[in-house]
Amino acid sequence: MRRPTDPTPPEPTPEFLAGQLVMPRLDGAMPIGGPDYERVRNWIQVDGIGGFIVFGGSRDHTPKMLNHLQSLSRLPLLFSSDLEEGAGQQVAGFPRLPSAMAVAAAAGEDWARRAGSETARGAKEVGIHWVFAPVCDVNRDPKNPIINVRAFGDDPARAGALAAEFLQGLQEAGIAGCAKHFPGHGGLDRDSHSDLAVLRTKIGDWNEGDRLPFAAAFASRAASAMLGHIAWPAVDEREEMPASLSRKAVEFLRREMKFEGLLVTDALDMKGVSLRFSQEKAAVLAIEAGVDILLHPEDAGRLVARLRERAVQNPSFRMAVTSTSHRILRFKQNWTARGSLLKGDPETPDFASDLARAAVTLLRMDGELLPFPKGIRKGIAALAVSDERQPPRVSLPFEEALRARTPDLKWLGEFRGRAPEMPPSALEPYERVVLATFSRGRAGRGTSGLGSETEKWLSSLSLRPLPIVAAAFGSPYVLSAAKAARAMFAAYSECDSSCQAVASALYGEYPVRGKCPVSIPGIAERGAGIVWVGA
């Protein structure tokens, strides 16, 4: 094996090209120099790693670092990232966009296409070539622990139309998209980060539901598709075999769905795979099944070494590696700009704010409470409840937006992963009480919602008449536990722009026209939304 300091790259033999199939994690904030950098440099120059999935970083540093790494590689590096909510989802310095469900709720213009275009602008500036979006899952189960607001809603046809529009905006701007998580994660009660999920839908029902967004994305020439760690007995009878490693699932994609783009596994360190297979076994199964990219392995260097050994020992595996690596190289020719930063277009001013306002949905109205009066007003209080996976003070942007309009706001606290430490009677002295909820699907959590104790507290508010206005940031489904609220807003997102948009809506500063893209048990049907012109 060549030493890391040897400047002469190996010939692109199948053994060398095995590294093109492996895409490990890269810290976007990694400094150039130091042990982490040396490990990455070794992956590139010795193991022939073909690209990275980028997490974190900053608008100033990450583009320079990625460009430097390109200069180390004989073959173009392919940089990917989870940017479902724009470049700001990963890279500091960019605004985070509202979620896919917020896009679906937004009234008016072609928000999905514009969200794709805006995501592409940020990706180009950073140096990302491949975005793992859109989510094509249909959120059929309100208790789904991981998809939730990442989906465009619970209507398969509309989700497909919006996924196609997002892809058009993204790929017309020069960034590759990815339809995920095939064959559909939105109707499942298990998070594949924690264990293997099982899709028990019959093919006929699947054709009328989960299939539609993927079919629409493929018709819009999606550059790639991600296979989920989801067993699919209707296609592969082995209930321990995830679609991400299944030859039958890949054949279904290629033959029945007529999909010709690149195929990538979901992250190989997720327990949906790792509880049942070693990373080496999972990788071999995926390659033999016809998958192209092995995403986020636990140990990229060790995996490449094992793939090279198998390519030497097994002629059919060697042929599979050769064929796959050539497909990857063609993908790179189409989607990368070798050796220099991709130049992003200018940002669209206030796009995140405009989208957030268009998405805000009024689900219940009380003319005695809305709009709020501005200025010094001692009768307005607010509190926030959040799930335990939320970062501390996730509600701070919302609190600040309220306080800018009502300086004497009484902030009662943020209660993270626990019920508020006050009886409902403590809210009686106020003329208006804003109840903000922050919750969404969280990787590895295994459940959705605010937790049983918090939801029990919310239900207890119904025992007395209280002037509550509920505002759901993230999951709208938590409003089912807040039936005591006399007015209700849904924002579908926790980003700063959504916090500002809801605060502005409370004071009647713009017309509210959003329509809910999901049914909320006991609260609203899909398509609900009161048009309110504001103050």
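Check the entry above for the structure.
Calculation notes
Residues numbered from 1 in each chain as written. Predicted model: local features only at pLDDT ≥ 70, side-chain atom pairs only at ≥ 80, totals over all residues. Heavy atoms only, no water. Pairing = 2+ DSSP bridges. Helix = DSSP H or I, 4+ residues; strand = E, 2+ residues; numbered from the N terminus. Axes fitted to C-alpha atoms, helices over the stretch in contact; angles between N-to-C directions. Contact = heavy atoms within 4.5 Å. 1 Å grid on protein atoms, 1.4 Å probe; cavity = no way out; pocket = protein on both sides within 12 Å on 5 of 7 lines; lining within 4 Å. Points joined across faces, edges and corners; volume = space filled by probe spheres on them. Phe/Tyr/Trp six-rings, centres within 6.5 Å; stacked < 30°, edge-to-face > 60°. Buried < 20%, exposed > 50% of the residue type's maximum accessible area, 1.4 Å probe, protein only.

J.: Account for the sheet that holds strand β8 (residues 224-227), naming residues and giving values.
T.: Sheet strands pair via backbone hydrogen bonds, and the direction of the pair is either parallel or antiparallel. Across the sheet, which stays open at both edges, the three strands sit in the order β6-β8-β10 with parallel pairing between neighbours. Every interior strand has two partners, whereas the edge strands, β6 (178-182) and β10 (262-265), have only one. Averaged over all adjacent pairs, the angle separating strand axes in this sheet is 25°, with direction ignored. Where β6 meets β8, three bridges bridge the pair, whose relative direction is parallel. Across the sheet, residue C178 finds its bridge partner in β8, namely S224.

J.: Please give an account of the sheet that holds strand β3 (residues 51-55) that cites residues and values.
T.: As summarised here, the arrangement of the four strands in space is β2-β3-β4-β5, forming an open sheet in which the pairing is parallel. Strands at the two margins of the open sheet, each flanked by one partner only, are β2 (25-27) and β5 (130-131). By the bridge criterion, three bridges tie β2 to β3 in an arrangement that is parallel. Among the inter-strand pairings, L26 is bridged to a residue of β3, identified as V54. Of the strands in this sheet, β2, β3 and β4 (78-81) are in contact with helix α3 (residues 61-72), which crosses β2 at around 130°.

J.: Lay out empty space enclosed by the protein in plain terms, naming residues and giving numbers.
T.: Summed over all chains, the structure comprises three cavities of 30 Å³ or more. What the largest cavity holds in volume is close to 120 Å³. Forming the walls of the largest cavity are 16 residues, and the residues nearest its centre are E84, A100, V103, F152 and F166.

J.: Talk me through the environment of L97; I want residue IDs and the actual numbers.
T.: Secondary-structure assignment places L97 in the loop between β4 and α4 (100-105). Taking C-alpha positions, L97 is 18 Å from A159, a pair spaced 62 residues apart along the chain. Apart from residues lying up to four places away in sequence, L97 is in contact with E85, G86, A115, E118, T119, F351, A352, S493 and C495.

J.: Describe the packing of aromatic side chains, and please don't skip the residues or the numbers.
T.: Summed over all chains, the structure comprises 17 aromatic pairs. A ring pair is formed by F214 and F218, whose centres lie 6.3 Å apart and whose planes are at 45°; its orientation type is tilted. Taken together, the residues F214 and F218, both in helix α8 (residues 211-219) and four residues apart, mark about one turn of the helix. Like F214, the residue F218 is buried in the burial classification. Taking the centre distance of 4.7 Å and the plane angle of 10° together, the rings of F438 and F473 count as stacked. A residue pair is termed long-range when its members are at least 10 positions apart, and F438 in strand β15 (residues 432-439) and F473 in strand β16 (residues 468-474) qualify at 35 residues. With a relative accessible area of 0%, F438 lands in the buried category.

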